[in-house]
Amino acid sequence: MTVYFIGAGPGDPELLTLKAARIIGDCRVCLYAGSLVPEAVVACAPEDALVMDTAPMTLGETHAEIMKAHAAGLDVARVHSGDPSLYGAIAEQIRRLKADGVDYQIIPGVPAYTAAAAALGTELTVPEVAQSIVLTRVSMQSTGMPAGETLENFARTGATLAIHLGIRALREIERQLLPHYGADCPVAVVYRVGWPDQMIIRGTLTDVRARVREAKITRTALILVGPALADSHGFPDSALYDATKTHVLRPTAKA
């Protein structure tokens, strides 16, 4: 048997990849993280499949269910939100699978930050404004951050920041980022992107906290920060489609 770690995307069932939907539809056991993955995403599981929400379960309990499936020779769809490579908590699951000699595969999914950018109708990398994206998080009650991986250090780059698990730490985020991005730096908070109750709050480093508090958002939100989020700036066109520039697929410059 094989355990398939499947990226379910941000919540919209239509953002599930064709491969992910096919595998979920083939597996007789489906374990999904119900706190972040809606039931509609795993509705394509076989009618006789064992479908379990692992949100209230421990790592040991989840692994025990996988080992039951292993003993029965049944493939497992282990469904996580977004893309499992980013804060998917799959590393510790894989460690146990390797120890028990269980095969696994990872099926990528649409990560929340790309879905958020789509919902905002924007590009996160703008020529001569921001060409890098930092995917990071705030520790709060979760596992601590490694030394050096601080918001302040990332802010020094001026890159677009995609901050996970930080909606309750907006005051601290503002404190650390303000000296580097400035008071007017645009911020977008995207709540439950891809879900029916999706909400987008735009603001700046100095006023977004009040807007989030007014909207009563306390969880399941992604925070995007950086000058690339501005409605307009005088950035140059990308060289990719510049008529005066040549490359291997356009060897001759056009007037």
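The structure this text deals with has already been given above.
Rules used throughout
For every chain, the first residue of the written sequence is number 1, and numbering continues from 1 along that sequence. Given that the model is predicted, a residue must reach a pLDDT of at least 70 before its local features are reported, and side-chain atom pairs must reach 80 or more before they are shown or counted; all residues, however, enter totals for whole chains, interfaces and linings. Excluding hydrogens and water, the side-chain figures rest on all heavy atoms present in the structure. Here a helix means four or more residues in a row that DSSP labels H or I, a strand means two or more in a row labelled E, and each is numbered from the N terminus. For each residue, the accessible area found with a 1.4 Å probe, counting protein chains only, is set against the maximum for its type, and the residue is called buried under 20%, exposed over 50%, and partly exposed in between. Throughout, a contact is declared for two residues whenever any of their heavy atoms are within 4.5 Å. For helices, the fitted axis covers only the stretch in contact; all axes are lines through C-alpha atoms, and the angles between them, taken along N-to-C directions, range from 0 to 180 degrees. Angle categories: roughly parallel below 35 degrees, roughly antiparallel above 145, roughly perpendicular from 65 to 115, and oblique for all the rest. A crossing counts as left-handed when the near helix is turned anticlockwise from the far one by less than a right angle, and as right-handed when that turn is clockwise. Residues are grouped as follows: nonpolar covers Ala, Val, Leu, Ile, Met, Phe, Trp, Tyr, Cys and Pro; charged covers Asp, Glu, Lys and Arg; every other residue, Gly included, is treated as polar. Here the nonpolar core consists of buried residues drawn from Ala, Val, Leu, Ile, Met, Phe, Trp, Tyr and Cys, with membership extended through side-chain atoms lying within 4.5 Å. By this definition, two strands are paired if DSSP reports at least two bridges between them. Note that the arc is defined by the directions from the helix axis to the C-beta atoms.

Let us now look at unusual backbone geometry. Glycine aside, residues mostly have negative phi angles, and peptide bonds mostly take the trans form. Of note, the phi angle at Ala89 is positive, near 55°, even though the residue is not glycine. Among the secondary structure elements, Ala89 is positioned in the loop between strand S4 (76–80) and helix H3 (91–99). For Lys216, which is not glycine, the phi torsion reads 60° and is therefore positive. By the element assignment, Lys216 lies in the loop between helix H7 (208–215) and strand S10 (221–225).

Along the chain, His164 falls in strand S7 (residues 160–164). By relative accessible area, His164 is classed as buried at 14%. Setting aside anything within four residues of it in sequence, one finds His164 in contact with Leu86, Tyr87, Thr136, Arg137, Val138 and Leu222.

Moving on to the packing of helix H2 (residues 59–72) against H3. Where H2 contacts H3, the two axes come as close as 11 Å, and the packing angle between them is 45°. Taken together, the axes of H2 and H3 lie oblique to each other. As H2 runs across H3, the sense of the crossing is right-handed. Contacts from Leu59, Thr62, His63 and Ile66 in H2 reach Glu92, Gln93, Arg96 and Leu97 in H3. Looking at side-chain class alone, the contact of H2 with H3 contains three nonpolar, three polar and two charged residues.

With that settled, consider the nonpolar core. Counting residues in each nonpolar core, the largest one holds 26 residues, and the members touching the most others are Ile163, Leu177, Val189, Ile223 and Val225. Residue assignment for this core shows that the elements contributing at least two residues are helix H5 (151–155), S7, helix H6 (170–181), strand S8 (186–191), H7 and S10. Of the residues forming this core, the biggest block, four residues, is contributed by H6. Beyond its immediate stretch of four places on either side in the chain, Val225 contacts Ala159, Thr160, Leu161, Ile163, Leu177, Cys185, Pro186, Val187 and Leu205. Membership of the second largest hydrophobic core comes to 19 residues, among which are Ala20, Cys27, Ala77 and Ile107.

The next point concerns the pairing of S4. Here S4 lies mainly inside the structure; five of its five residues are buried. Side chains of S4 alternate between two faces, with Val76, Arg78 and His80 and Ala77 and Val79 buried alike. Here strand S1 (residues 2–7) runs beside S4; their pairing, made up of five bridges, is parallel. Paired with Ile6 across the strands is Val79, a residue of S4. Note that strand S2 (residues 29–32) and S4 share four bridges and pair parallel. By the bridge assignment, Val29 is partnered in S4 with Val76.

Taken in spatial order, the five strands line up as S6-S7-S10-S8-S9 in an open sheet, and their pairing is mixed. Strands at the two margins of the open sheet, each flanked by one partner only, are strand S6 (133–137) and strand S9 (199–204). The mean inter-strand angle of the sheet, taken between neighbouring strand axes irrespective of direction, is 20°. The pairing of S8 with S9 spans six bridges and is classified as antiparallel. Residue pairing for S9: Pro186 is matched across the bridge by Thr204. Packing against the sheet, H7 makes contact with S8 and S9, and its axis sits at approximately 155° to S9.

For the rest of this paragraph, the subject is H3. Since the α-helix turns once every 3.6 residues, residues separated by three or four places project in the same direction. Those residues of H3 lying buried are Gln93, Ile94 and Leu97. Mapping the buried residues of H3 onto a view down its axis gives an arc of 95°, with all of them on the same face. Exposed residues on H3 whose side chains face more than 90 degrees from its buried face are Ala91, Arg95, Lys98 and Ala99. Among the structural elements, S1, H2, S4 and strand S5 (103–107) are those in contact with the buried residues of H3.

Strand order across the open sheet formed by five strands is S3-S2-S4-S1-S5, with parallel pairing between neighbours. One side of each edge strand has no neighbouring strand; the edge strands of this open sheet are strand S3 (50–53) and S5. The sheet shows a mean angle of 15° between the axes of neighbouring strands, direction not considered. Against the sheet, helix H1 (residues 18–26) engages S1, S4 and S5, with an angle of about 140° to S1.

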